Amino acid sequence: MQDYCTIQARANIQRLRGWSMNDITAAAKLLLPTMKAHDFEDEAKALRDYLNAINSKGMILANVSDSAKAHRMLEKLENKIERLTGVIIGLTKRVQDEDWWRRKMRRKQAQRIEQISRELHQVVITKSAYCSKVGRREWGRRQQLNMDMLEHTLMENDDGEQYTLADLSETTVANPMIRRTELMVRIAGFEEYAKSKEFEGWFFTITCPSKYHAAYKTGNRNDKFRGYSPRECQAYLNKIWAQFRSKAQRETKDKPYRWEYFGFRVTEPHHDGTPHWHLLLFINPHHVREVTEELKILSEREDRQELVGLNEVRFKAEEIKTGINPKTGKEYSAAGYIAKYIAKNIDGEHVDTDLYGQDAKASAKDITAWASRNGIRQFQQVGGPKVTGWRELRKLANMPIEDWKFQEMPLFNFAQKLNAIAKDNAPAAWKLYCEFFDENGLSLLNILNTITETLESIEETISELSGEIFTETVTQELTRPVINAYGETSEKMVGIITSINGETIKKVSRTRTWTRVAANNEQAAAVRQQRKAERQAAAEARAEARAVAQATKSEAPQAAEHNGASAPPWTGVNNCTEPPTPITQTLFKDLIQTA
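In this text, all values refer to a predicted model and were calculated from it rather than measured experimentally.

## Remarks on the overall build of the protein chain
Thinking step 1. Check the secondary structure of the protein chain and you find 17 helices and 13 strands.
Thinking step 2. When burial is assessed residue by residue, the protein chain has 40% of its 595 residues classed as buried.
Thinking step 3. Counting only contacts in the protein chain whose residues sit at least 6 apart along the sequence, the fraction spanning at least 24 positions is 68%.
Thinking step 4. Put simply, the protein chain shows about 33,600 Å² of open surface, and 50% of that area lies on carbon and sulfur atoms.

As structure tokens, then:
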């Protein structure tokens, strides 16, 4: 592969020799055949969109129309062309880079191996469910290589604290437990938010037509299979969703309003690697019938003849029950409907077996490998505020009060309140965040990513008294944009922007910078062991504090009754800046049991 990538990079250097930056159209025409030949979908689509926009603009100008509609179309096309011009200029530089070709070809190779394995009937429940044996082995090898790199890369922040990249990644959603926890917090919080808005919970399942499936449930080969790859199956499902969203947001004479809904989407594979979708949506009760009917129509439109006499084959809609489940004695939960799908597709925690009776934890690794090798996004939030704002607010809550200005105090107070509630009831905190977003709006604060260089120059000065010449060094700091290997500037997210009581507040939440430290493997290993010991000690301290708080809570009513007074209020929240306690394992088990 390395030789091939080198050849492709050099061929494009020759192909683009003499090309002028002023002729973007020529570059697009030059690159499109290469991108199509290598099946680079995103790049080929950008090139086609640009060329189509140029052609459409030429046709409108040729007609010499001064109508308002023509002006609106021209303005829209100009914006599209301007946006795509930067993409194409960047692409002309990327195709001349060997490293870019290696990254692209490695991904394409993985997808092609999975597709060939499906065509050869190797990805099937009777042989290797979800992912090919080659793919599973290669994914595991690359995971190990990545972990070795993370454990041996040492970083240092402005305070002089050192961590390995492995330590830092364990505190993010790269950690499966944190990823699952955060998803369940958001889903459970959405459910509380939906109850406050009196929205109804619905669970939809959408499956591809027969021609997309390589095998039947039994493992036998499907004669109707037409060789579609998992990515092509996902593209089919994405097209359905895009058509639905277009209809949902459109206001017409017959539908003078937009459909209101929010929730989550989970993509998981059948045993033969064909993806299907699970949608948990909370819908305005006035729009439920229209939303359900439109999703059903779109899901069953293609190859409709094969559905004669069949029901709930490609589309299934279930209304989330309310009240108490007589089997468990617990309240029905919408989050419980999707909890097992979240777990099955991350780490299999608290789930015994998958849909085919296999160990859920082993299957979860295969499913993760399937998603990684085919480039498929497993989870996506539908509607509602972005989770990045939630994370930034939690960071702001840990900033000392000395770092806040007077006009920023309303945001400080909300961040403190949000963080306090999150430590005791994370879903309730997400509900509060949704309400705050609805009322005040929230956007990310982006700035041009810059780098500061220190320039030194020697200047000669003459003393006015003695006439003696002195040589002194003048130091000057120069800030300039960060430019990547392809000459492109980038923006960096540093905080949030919100409006409270009519006043716009901008607050920077990311104040630390990190630099890589030159260290050998032994030094990195020592830092990693130190951080592990610190995390263990902190976890034990938090567990002890929670035990003391629980004991205090149980003793408080007894003391109050003994003294003849009402029980004092109790809260599990303290004022320290420890990390928020994740949703408990017991609560996660309860959610799965309510399904």
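## Quick word on the sheet that holds strand E12 (residues 503–508)
Thinking step 1. Pairing is antiparallel in the open sheet, where three strands are placed in the order E8-E11-E12. The open sheet is flanked by strand E8 (442–448) and E12, the only strands paired with a single partner. Along the sheet, successive strands turn relative to each other by an average axial angle of 35°, direction set aside.
Thinking step 2. Where E8 and strand E11 (residues 491–500) come together, seven bridges link them in antiparallel fashion. Of the residues in E11, the one forming a bridge with Leu448 is Glu491.
Thinking step 3. Its contacts with the sheet place helix H14 (residues 409–424) against E11 and E12, and it is angled at close to 100° to E11.
Thinking step 4. Contacts from helix H15 (residues 426–440) reach E8 and E11 within the one sheet, and its direction differs from that of E11 by about 75°.

## Topic: unusual backbone geometry
Thinking step 1. At His121, a position not held by glycine, the phi torsion is positive, near 65°.
Thinking step 2. With respect to the secondary-structure elements, His121 resides in the loop between helix H5 (98–119) and helix H6 (133–151).
Thinking step 3. Even without a glycine there, the phi angle at Asn501 is positive, about 55°.
Thinking step 4. By the secondary structure assignment, Asn501 is in the loop between E11 and E12.
Thinking step 5. Judged by relative accessible area, Asn501 falls into the exposed class, the value being 76%.

## Structural notes on the packing of helix H8 (residues 176–197) against helix H11 (residues 334–344)
Thinking step 1. It is at 10 Å that the axes of H8 and H11 come closest, and there the two elements cross at 165°. Taken as axis vectors, H8 and H11 run roughly antiparallel relative to one another. The two elements H8 and H11 cross, and the hand of that crossing is right-handed. Across from Arg180, Leu183, Met184, Ile187, Ala188 and Glu191 in H8, the residues of H11 making contact are Ala334, Ala335, Ile338, Ala339, Ile342 and Ala343.
Thinking step 2. Residue composition of the contact of H8 with H11, by class: 10 nonpolar, no polar and two charged.

## A few points about the pattern of salt bridges
Thinking step 1. Within the structure shown, the criterion is met by 38 salt bridges.
Thinking step 2. A salt bridge links Arg289 to Glu293; its shortest N-O distance comes to 3.3 Å. With a gap of four residues between them, Arg289 and Glu293 both fall in helix H10 (residues 288–299), about one helical turn apart.
Thinking step 3. In this structure, Arg304 engages Glu300 in a salt bridge whose closest nitrogen and oxygen atoms are separated by 3.5 Å.
Thinking step 4. With relative accessibility at 8%, the residue Glu300 sits in the buried group.
Thinking step 5. The structure contains a network of salt bridges with shared partners spanning Glu151, Asp167, Glu170, Arg528 and Arg535.

## Details of the packing of aromatic side chains
Thinking step 1. Scanning all chains against the criterion turns up 26 aromatic pairs.
Thinking step 2. Judged by centre distance (5.5 Å) and plane angle (85°), the rings of Trp100 and Trp101 are edge-to-face.
Thinking step 3. In this structure Trp100 comes out as buried when scored by relative accessible area, which is 6%.
Thinking step 4. Summarising the aromatic geometry, the rings of Phe190 and Phe262 are spaced 4.9 Å apart at their centres and angled 45° between planes, so their arrangement reads as tilted. One end of the pair, Phe190, is in helix H8; the other, Phe262, is in strand E4 (residues 261–269), and 72 residues separate them in sequence.
Thinking step 5. On the basis of relative accessibility, which here comes to 0%, the residue Phe190 falls in the buried class.
Thinking step 6. The exposure class assigned to Phe262 is buried, which follows from its relative accessible area of 7%.

## Brief notes about the nonpolar core
Thinking step 1. Among the nonpolar cores identified, the biggest contains 49 residues, and Ile338, Ile342, Trp390, Leu393 and Leu411 are the most heavily contacted of them.
Thinking step 2. Secondary structure elements with two or more residues in this core: H8, E4, strand E5 (275–283), H11, helix H13 (387–397), H14, H15 and E11.
Thinking step 3. Ranked by the residues each element gives to this core, the list is headed by H8, at eight residues.

## Observations concerning the sheet that holds strand E7 (residues 379–382)
Thinking step 1. Here we have five strands laid out as an open sheet, ordered E6-E3-E5-E4-E7, and antiparallel in their pairing. The open sheet has two edge strands, strand E6 (315–319) and E7, and neither has a second partner. Recorded for the sheet is a direction-independent mean angle of 15° between the axes of neighbouring strands.
Thinking step 2. Across nine bridges, the pairing between E4 and E5 is antiparallel. From the neighbouring strand, Pro269 faces E5, where its bridge partner is Pro275.

## Some details on the state of the cysteines
Thinking step 1. A complete count under the given rule lists zero disulfides for this structure.
Thinking step 2. In this structure Cys233 is not part of a disulfide, and its nearest cysteine sulfur, from Cys208, lies 4.8 Å away.
Thinking step 3. According to the relative accessible area criterion, Cys233 is buried, its value standing at 0%.

## Quick look at the side chain of Thr205
Thinking step 1. Counting through the fold element by element, Thr205 comes out in strand E3 (residues 200–206).
Thinking step 2. Judged by relative accessible area, which is 15%, Thr205 ranks as buried.
Thinking step 3. One polar contact links Thr205 to His278, side chain to side chain, over a distance of 3.2 Å.
Thinking step 4. Ignoring anything within four residues of it in the chain, the contact list for Thr205 reads His276, Trp277, His278, Arg314, Phe315 and Lys316.

## Looking at the pairing of E11
Thinking step 1. The buried fraction of E11 amounts to seven of the 10 residues, a majority that puts the element mostly inside the structure.
Thinking step 2. Pairing between E11 and E12: six bridges, direction antiparallel. Of the residues in E12, the one forming a bridge with Gly495 is Val508.
Thinking step 3. Where E11 hands over to E12, the hairpin turn is made up of two residues, of which Asn501 adopts a positive phi near 55°.

## Overview of the pairing of E3
Thinking step 1. Counting buried positions along E3 yields six of seven residues, so the element is predominantly enclosed.
Thinking step 2. One ladder, built from seven bridges, connects E3 with E5; its direction is antiparallel. Note on E5: the bridge partner recorded for Ile206 is Trp277.

## Brief notes about the side chain of Ser132
Thinking step 1. Along the chain, the position of Ser132 falls in the loop between H5 and H6.
Thinking step 2. Polar side-chain contacts of Ser132 include one of 2.9 Å to the backbone nitrogen of Gly135.
Thinking step 3. For Ser132, the contacting residues outside a window of four places in its chain are Ile113, Glu114, Ser117 and Val123.

Rules of the game
- Residues numbered from 1 in each chain as written.
- Predicted model: local features only at pLDDT ≥ 70, side-chain atom pairs only at ≥ 80, totals over all residues.
- Heavy atoms only, no water.
- Helix = DSSP H or I, 4+ residues; strand = E, 2+ residues; numbered from the N terminus.
- Buried < 20%, exposed > 50% of the residue type's maximum accessible area, 1.4 Å probe, protein only.
- Contact = heavy atoms within 4.5 Å.
- Areas by Shrake-Rupley, 256 points an atom, 1.4 Å probe, with all protein chains shown as cover.
- Pairing = 2+ DSSP bridges.
- Axes fitted to C-alpha atoms, helices over the stretch in contact; angles between N-to-C directions.
- Parallel < 35°, antiparallel > 145°, perpendicular 65-115°, else oblique.
- Left-handed = near helix turned anticlockwise from the far one by under 90°.
- Nonpolar A, V, L, I, M, F, W, Y, C, P; charged D, E, K, R; others polar.
- Salt bridge = Lys/Arg side-chain N within 4 Å of Asp/Glu carboxyl O.
- Phe/Tyr/Trp six-rings, centres within 6.5 Å; stacked < 30°, edge-to-face > 60°.
- Core = buried A, V, L, I, M, F, W, Y, C linked by side-chain atoms within 4.5 Å.
- Disulfide = S-S within 2.5 Å.
- Polar contact = N/O pair within 3.5 Å; in protein donor to acceptor, adjacent residues only side chain to side chain.

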